[in-house]
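Structural features, examined
Take a look at the letters that make up each chain.
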Amino acid sequence: MAESKTVHSPLVTYFSVLSLLTLCPPFVILLWYTMVHADGSVSQTFDYLKQHGLQGLIDIWPRPTATAWKIIACYSAFEAALQLLLPGKRVEGPISPMGNRPVYKANGVASYVVTLVTYFGLWWFGIFNPTVVYDHLGEIFSALIFGSFVFCIFLYIKGHVAPSSTDSGSSGNVIIDFYWGMELYPRIGKHFDIKVFTNCRFGMMSWAVLAVTYCIKQYEVNGRVADSMLVNTVLMLVYVTKFFWWEAGYWSTMDIAHDRAGFYICWGCLVWVPSIYTSPGMYLVNHPVNLRTQLALYILVAGILCIYINYDCDRQRQEFRRTNGKCLVWGKAPSKIVASYTTTSGETKNSLLLTSGWWGLSRHFHYVPEILSAFFWTVPALFNHFLPFFYVIFLTILLFDRAKRDDDRCRSKYGKYWKLYCEKVPYRIIPGIY
Ligand code: NDP
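In this text, all values refer to a predicted model and were calculated from it rather than measured experimentally.

**Side note on the overall build of the chain**
When helices and strands are counted, the chain shows 19 helices and six strands. Taking 2.2 N^0.38 as the reference for a compact globule, 434 residues should give roughly 22 Å; the C-alpha atoms of the chain span a radius of gyration of 22 Å, in line with that estimate. For the chain, the C-alpha atoms occupy an extent of roughly 60 × 55 × 45 Å along the three principal directions. Within the span of the chain, comprising 434 residues, buried residues form 56% of the whole. Taking the contacts inside the chain whose residues are at least 6 apart along the sequence as the reference set, 76% of them involve residues at least 24 apart. Total accessible area on the chain is roughly 19500 Å²; 67% of this is exposed by carbon and sulfur atoms. With 37 positive and 27 negative side-chain charges, the chain shows a spacing of 8 Å between the two charge centroids.

**With respect to the site of the ligand**
The environment of the ligand is made up of 29 residues, and the closest members are D314, Y367, E370, D406 and Y414. Residue N310 places a side-chain N or O atom 3.0 Å away from an oxygen atom belonging to the ligand. One nitrogen or oxygen atom from the side chain of D406 is found 2.6 Å from an oxygen atom belonging to the ligand. Coverage of the ligand by the protein chains reaches 94% of its 920 Å² of free accessible surface. Elements with a contribution of two residues or more to the shell around the ligand: α15 (293–322), β6 (348–354), α17 (367–378), α18 (390–414) and α19 (416–424).

**Some remarks on the packing of aromatic side chains**
This structure, assessed with the given rule, holds 44 aromatic pairs. Note on Y112 and F244: the rings are 5.2 Å apart at their centroids and 20° apart in plane angle, and the pair reads as stacked. Of the two residues, Y112 sits in helix α5 (residues 108–124) while F244 sits in helix α10 (residues 227–245), which places them 132 residues apart along the sequence. Accessibility assignment for this pair places Y112 and F244 in one class, buried. With a centroid separation of 6.2 Å and an interplanar angle of 85°, the aromatic rings of Y134 and Y214 are classed as edge-to-face. One end of the pair, Y134, is in helix α6 (residues 131–135); the other, Y214, is in helix α9 (residues 194–222), and 80 residues separate them in sequence.

**Remarks on the layout of surface pockets**
Estimated volume of the second largest pocket: approximately 500 Å³. Taken together, 22 residues form the lining of the second largest pocket, with I71, Y75, Y119, V133 and V209 sitting closest to its centre. Of all elements in the fold, only α4 (66–85), α5, α7 (137–161) and α9 reach the threshold of two or more residues within the lining of the second largest pocket. It is α4 that contributes the most residues to the lining of the second largest pocket, seven residues altogether. Class assignment for the residues of the lining of the second largest pocket results in 17 nonpolar, three polar and two charged.

**Concerning a nonpolar patch on the surface**
On the surface, L21, F149, I153, I157 and V161 cluster together into a nonpolar patch covering about 410 Å² of accessible area. Ranked by residue count, the leading element in the nonpolar patch is α7, at four residues. With respect to the secondary-structure elements, F149 resides in helix α7.

**A word on the UniProt feature "transmembrane region" (unreviewed entry) in the chain**
Per the UniProt record, the feature "transmembrane region" (unreviewed entry) sits at residues 12–33, 109–128, 140–157, 229–246, 261–283, 295–311 and 374–400. Helix makes up 80% of residues 109–128 and strand 0%, with an end-to-end C-alpha separation of 23 Å. Secondary structure across residues 140–157 comprises 100% helix and 0% strand; the distance between its end C-alpha atoms is 25 Å.

**Observations concerning the packing of α4 against α5**
Viewed as axis vectors pointing N to C, α4 and α5 meet at an angle of 145°, and their least axial separation amounts to 10 Å. The two elements α4 and α5 cross, and the hand of that crossing is right-handed. Of the residues in α5, those touching α4 at F78, E79, L82 and Q83 are S111, V114, T115 and T118.

**A look at the pairing of β6**
Bridge analysis of strand β5 (residues 336–342) against β6 gives seven bridges, and the strand direction is antiparallel. In the sheet register, K336 faces β6, and the bridge partner there is L354.

**What about the environment of E220?**
Examined against the element boundaries, E220 turns out to sit in helix α9. Given the relative accessible area of 39%, E220 is considered partly exposed. Taking the C-alpha atoms as reference, E220 lies 20 Å from L237; in sequence the two are 17 residues apart. Leave out the neighbours within four places in its chain, and E220 touches W123, N129 and T131. For E220, the side chain forms a polar contact with the side chain of W123, separated by 3.0 Å.

**Some remarks on the side chain of Q316**
Relative to the elements of secondary structure, Q316 occurs in helix α15. Residues in contact with Q316, not counting those within four places in the same chain, are V329, W330, L354, S356, G357, W358 and W359.

**Description of the nonpolar core**
If you look at the biggest cluster of nonpolar residues, it comprises 116 residues, and the most contacted ones within it are L137, W207, W272 and Y391. A per-element tally of this core places α9 first, with 16 residues. Leaving out residues up to four positions away in the same chain, W272 has contacts with C24, F27, V28, W267, Y277, F390 and F394. The next biggest cluster of nonpolar side chains, apart from the first, holds 19 residues, and it includes C313, L352, W358 and Y414.

Criteria and thresholds
Residues numbered from 1 in each chain as written. Predicted model: local features only at pLDDT ≥ 70, side-chain atom pairs only at ≥ 80, totals over all residues. Heavy atoms only, no water. Helix = DSSP H or I, 4+ residues; strand = E, 2+ residues; numbered from the N terminus. Rg over C-alpha atoms; globule rule 2.2 N^0.38 Å. Buried < 20%, exposed > 50% of the residue type's maximum accessible area, 1.4 Å probe, protein only. Contact = heavy atoms within 4.5 Å. Areas by Shrake-Rupley, 256 points an atom, 1.4 Å probe, with all protein chains shown as cover. Lys, Arg positive; Asp, Glu negative; His and termini not counted. Charge placed at Lys NZ, Arg CZ, Asp CG, Glu CD. Near = heavy atom within 4 Å. Polar contact = N/O pair within 3.5 Å; in protein donor to acceptor, adjacent residues only side chain to side chain. Phe/Tyr/Trp six-rings, centres within 6.5 Å; stacked < 30°, edge-to-face > 60°. 1 Å grid on protein atoms, 1.4 Å probe; cavity = no way out; pocket = protein on both sides within 12 Å on 5 of 7 lines; lining within 4 Å. Points joined across faces, edges and corners; volume = space filled by probe spheres on them. Nonpolar A, V, L, I, M, F, W, Y, C, P; charged D, E, K, R; others polar. Patch = residues over 30% accessible without salt bridge, like charges linked within 9 Å, V, L, I, M, F, W, Y side chains within 5 Å. Salt bridge = Lys/Arg side-chain N within 4 Å of Asp/Glu carboxyl O. UniProt positions renumbered as here; feature names shortened; annotations may be inferred. Axes fitted to C-alpha atoms, helices over the stretch in contact; angles between N-to-C directions. Left-handed = near helix turned anticlockwise from the far one by under 90°. Pairing = 2+ DSSP bridges. Core = buried A, V, L, I, M, F, W, Y, C linked by side-chain atoms within 4.5 Å.

This is the structure:
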């Protein structure tokens, strides 16, 4: 449980838990309400709340309906079935702090393709119209807020009574256990990995499904799709496609290899990703901005370039680790640090830290193109309203905090070797500045 205790002080953790529990659910609903019913205008929603107070919030909060539950249940069951049944290569995750090596089935791309083809097929053949999802979006978010909370209680209980591996344990504090999670790799049976489901197959997949939904809704309302919506949808789809292409790489990142399955990561992936991450597209449904072809193409190309650079940073690190440093980085032998560390079970192991290529520019350079990509799929909304930019601002804060968390964790893992890396690569995120 080392990470959950050392990453943030208990005070910060309590504050985050309370804020997440009390502020995030109403925020999700208010964001949806503002985008869909208040023209994307924060001041309009603010005036409404000023006039009607708490009762106003209760009045606009949609109750989860049977349709919403049905949509969520069908989608979850479909994704779970694809995760279990589609074939895929056997992939070993990184060695866990307890010395375990989780095994996965890499069928993300197949699941992604089957999901989108099925969704388009249902629409095309008139079996299910995606506009139903948009029309019930508030109820769906409301159901997700409640359902995911119950799911996190299940994770907490499972962590106590039936952990799937030795990478599990209690910090001795109920709130911290619930918030940060108990298990690193919870599973149902031997093969159904819960974090792969919540983070990838539910959360990230819903991003693509909702991006397509918003596009179809605009088409059905206006009879055409504005170029701004096209740029937004294409960039988001390229991003999610990149994610599934690299999904096995994601299984060795902080989310999976270090963050335990608790409220922080699972509620975030089940509720925050579908609602907040997709919000620029949600805004564009009712704001068919016309950018003109040239500007649209510039934004599209800039966005794709950033997504590619972000992908290449992750690829470079993973290729470097996979080949034990025996690869070329930007055409040259990589420069590196051999860092030794001790696992919780007392074994001494070595890790390689790459100090050239993207990883020589700054210690978390990959966050720069990540933030810029989000900017490029949001900027088609132009600057009439602030709210579409909320995700970019949120992401910037999240990644700056994450870079700090990761640095702290790596410092305590690698000690003097991390200090050496910081001397060689002094900037944390933005080369020359921060
Ligand atoms: P990663 O897990 O990919 O990288 C950090 C880890 O890599 C460290 O914990 C360390 O792990 C290892 N490492 C650090 N420095 C080096 C080095 N120089 N050489 C080799 N290994 C090193 O980071 P993230 O999980 O934060 O990011 C993964 C991807 O996900 C990125 O593309 C990011 O932009 C994206 N992302 C997107 C978010 C979103 O909400 N849109 C949120 C977070 C990430 P070890 O213990 O193995 O040494």
